[in-house]
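# Chains, contacts and geometry: an overview
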Amino acid sequence: QVQLVESGGGLVQAGGSLKLSCAASGGTFTGYTMGWFRQAPGKGREFVSTISRNGANTFYADSVKGRFAISRDNAKNLVYLQMTSLKPEDTAVYYCAADRSHIGISIMSAHYVYWGQGTQVTVSS
């Protein structure tokens, strides 16, 4: 059983930056592909980014490509999402998730078995 705790959300002006962190505990961190998803008010959960177990492979949604960067520190059981050039449409609750079934990257929310509680990101115009 893996527990995931996100932090780093907040209120930022358009064009600003935030760095989200996700701390994992209770499992073997290197055994999980990690992902970030988000859910805006009134919308479904949306894939944002994923990173493979060793960090060698990453993938991004088109909406965030070139602005967001995912990384992980396997020694510290942490995964990060650096967000730059933020836009009001990035406003959402951001969730960290862990997938134990896929060695590479994974963009399907159904593949992720462990989820954090989410952290709110609000971008003002």
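## Quick notes on the state of the cysteines
On inspection of all chains with the given rule, the structure shows one disulfide. Here C22 is linked by a disulfide to C96, with a sulfur-sulfur distance of 2.1 Å. Judged by the sign of its S-S torsion, about -75 degrees, the bond between C22 and C96 is left-handed. Of the two residues, C22 sits in strand β3 (residues 18-25) while C96 sits in strand β9 (residues 92-99), which places them 74 residues apart along the sequence. Given the relative accessible area of 0%, C96 is considered buried.

## Description of the sheet that holds strand β1 (residues 3-7)
Strand order across the open sheet formed by four strands is β1-β3-β8-β7, with antiparallel pairing between neighbours. With one partner strand each, in any of the chains shown, β1 and β7 (68-73) form the two edges of the open sheet. Here the strands of the sheet are splayed against their neighbours by 15 degrees on average, with no regard to which way each runs. Two elements, β7 and strand β8 (residues 78-83), share six bridges in a ladder whose sense is antiparallel.

What counts, and where the lines are drawn
- Residues numbered from 1 in each chain as written.
- Predicted model: local features only at pLDDT ≥ 70, side-chain atom pairs only at ≥ 80, totals over all residues.
- Heavy atoms only, no water.
- Disulfide = S-S within 2.5 Å.
- Helix = DSSP H or I, 4+ residues; strand = E, 2+ residues; numbered from the N terminus.
- Buried < 20%, exposed > 50% of the residue type's maximum accessible area, 1.4 Å probe, protein only.
- Pairing = 2+ DSSP bridges.
- Axes fitted to C-alpha atoms, helices over the stretch in contact; angles between N-to-C directions.

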